[in-house]
Amino acid sequence: MGLSQCEDSRVSATSLWLVAALCGLTLLIHLAGDGAQSALRFARQSIGAGELWRLLSGHLVHLGWTHLLLNLAGLALVWALVGSVYSGLVWMLVTFAVVFAVDAGLWLLNPGLEWYVGLSGVLHGLLVAGLIGLISAGTSRRNEAIALLVLLLLKLGYEQVAGAMPGSTSLAGGAVVVDAHLYGAMGGLCAALLAVLVTRKPHNH
C-alpha cells in the first residue's frame, strides 16, 4: 500500500484528526438547531436551485441524538478497524469520492427522494474502501478483512431485497434510505481500487 511500518503511527494520528474534525462539525450542526439542519440537509429542490453545499453538508445532518450518536459510533468503529490503511490525504480523497457516489446515486437513481440526512451511506463506503485496502496489502488481517467484507455485502444484499435491517428505522428515528448504503459501498470500492493502484510500491526487479 506504499506505507512502511515506521509510517503507521503518523498515519493513524492524521486519520484521528480527520475523524475528530468530522465529529466536531457534525456535533456543531446538530447543536445549531432545526434551522441550521434544514438549511444544510440534502434537499432535492434546494440543490436544484443552486444550493450545492447541501451535497456535502447533508451527510453531517441527523434526525436526532440517537441517529447522530449511532453514526458517530459507526465512524469510530470504521476508523478502529481500517483507519491506518491509508494516509490522511488518501482518506480525504476516498471520503470525497464516496460522498460524490452517494449524492450522484440519490440524485440520478432516486428522483422521488426529496431529502436525505445522515452519515451511514458514507460510512459504508469508507468501510469498503478500508477493507479492500487491507485485503490488497496482504497483511495478517487479510482473512479478517475478507470475512467482514462478505458480511457487509450480505447486509447490502439483504437491504436491497427486504429493506432496512430490523430495528434500524426506530433507532434512526425515520425511514432508512438503504440505497445510500449501496451507493456509498460502490463509491468506496471504486475509490479503493484507484487508491491501491496509486499507492502501491513498484516491485524492484
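Residues numbered from 1 in each chain as written. Predicted model: local features only at pLDDT ≥ 70, side-chain atom pairs only at ≥ 80, totals over all residues. Heavy atoms only, no water.

Visitor: Explain the packing of helix H7 (residues 120-137) against helix H10 (residues 178-199) here, please?
Guide: For any two helices packed against each other, the geometry comes down to the angle between their axes and how far apart the axes lie. At their nearest, the axes of H7 and H10 sit 7 Å apart, and the two run at 35° to each other. Classified by chirality, the crossing of H10 by H7 is right-handed. On H10, the residues touching Ser120, Gly121, His124, Gly125, Val128, Ala129, Ile132 and Ser136 of H7 are Ala180, His181, Gly184, Ala185, Gly188, Leu189, Ala192, Leu193 and Val196. Looking at the contact of H7 with H10, its residues break down into 9 nonpolar, 8 polar and no charged. (Axes fitted to C-alpha atoms, helices over the stretch in contact; angles between N-to-C directions. Helix = DSSP H or I, 4+ residues; strand = E, 2+ residues; numbered from the N terminus. Left-handed = near helix turned anticlockwise from the far one by under 90°. Contact = heavy atoms within 4.5 Å. Nonpolar A, V, L, I, M, F, W, Y, C, P; charged D, E, K, R; others polar.)

Visitor: Explanation requested: the side chain of histidine 181 in the structure shown.
Guide: Position of histidine 181 relative to the elements: it lies in helix H10. For histidine 181, a relative accessible area of 5% corresponds to the buried category. Polar contacts involving the side chain of histidine 181 include one to the side chain of glutamate 159, which spans 3.1 Å. Each residue touching histidine 181, except ones within four places of it in the same chain, is listed here: Ser120, Gly121, His124, Lys155, Leu156, Glu159 and Val176. (Buried < 20%, exposed > 50% of the residue type's maximum accessible area, 1.4 Å probe, protein only. Polar contact = N/O pair within 3.5 Å; in protein donor to acceptor, adjacent residues only side chain to side chain.)

Visitor: Please explain the packing of aromatic side chains as it appears in this structure.
Guide: Describing an aromatic ring pair means giving the distance of the ring centres and the angle of the ring planes. Under the defined criterion, the tally for this structure stands at 3 aromatic pairs. Each ring, one from phenylalanine 42 and one from tyrosine 116, has its centre 6.5 Å from the other, and the planes form 90°; the classification is edge-to-face. Of this pair, phenylalanine 42 sits in strand S1 (residues 42-43) while tyrosine 116 sits in strand S2 (residues 115-116), placing them 74 residues apart in sequence. There is no split in this pair, since phenylalanine 42 and tyrosine 116 are both buried. Ring centres 5.0 Å apart and planes at 70° place the aromatic pair tyrosine 86 and tryptophan 91 in the edge-to-face group. Here tyrosine 86 and tryptophan 91 have matching classes, each one buried. Ring-pair connections join several aromatic residues into one group, and the members of that group are Trp79, Tyr86 and Trp91. In this structure, arginine 41 is placed above the aromatic ring of tryptophan 115, and the distance from its NZ or CZ to the ring centre is 4.7 Å. The ring of tryptophan 107 is capped by arginine 44, whose NZ or CZ atom sits 4.7 Å from the centre of that ring. (Phe/Tyr/Trp six-rings, centres within 6.5 Å; stacked < 30°, edge-to-face > 60°. Lys NZ or Arg CZ within 6 Å of the ring centre and 35° of its normal.)

Visitor: I would appreciate a short explanation of a nonpolar patch on the surface in the present structure.
Guide: A cluster of nonpolar residues, Leu56, Leu89, Met92, Leu93 and Phe96, forms a patch on the protein surface that exposes about 520 Å² of accessible area. Mapped onto the secondary structure, leucine 93 falls in helix H6 (residues 88-109). Relative accessible area serves as the criterion here: at 55%, leucine 93 is assigned to the exposed category. (Patch = residues over 30% accessible without salt bridge, like charges linked within 9 Å, V, L, I, M, F, W, Y side chains within 5 Å. Areas by Shrake-Rupley, 256 points an atom, 1.4 Å probe, with all protein chains shown as cover. Salt bridge = Lys/Arg side-chain N within 4 Å of Asp/Glu carboxyl O.)

From the geometry alone we can't say anything about function, so treat these as descriptive.
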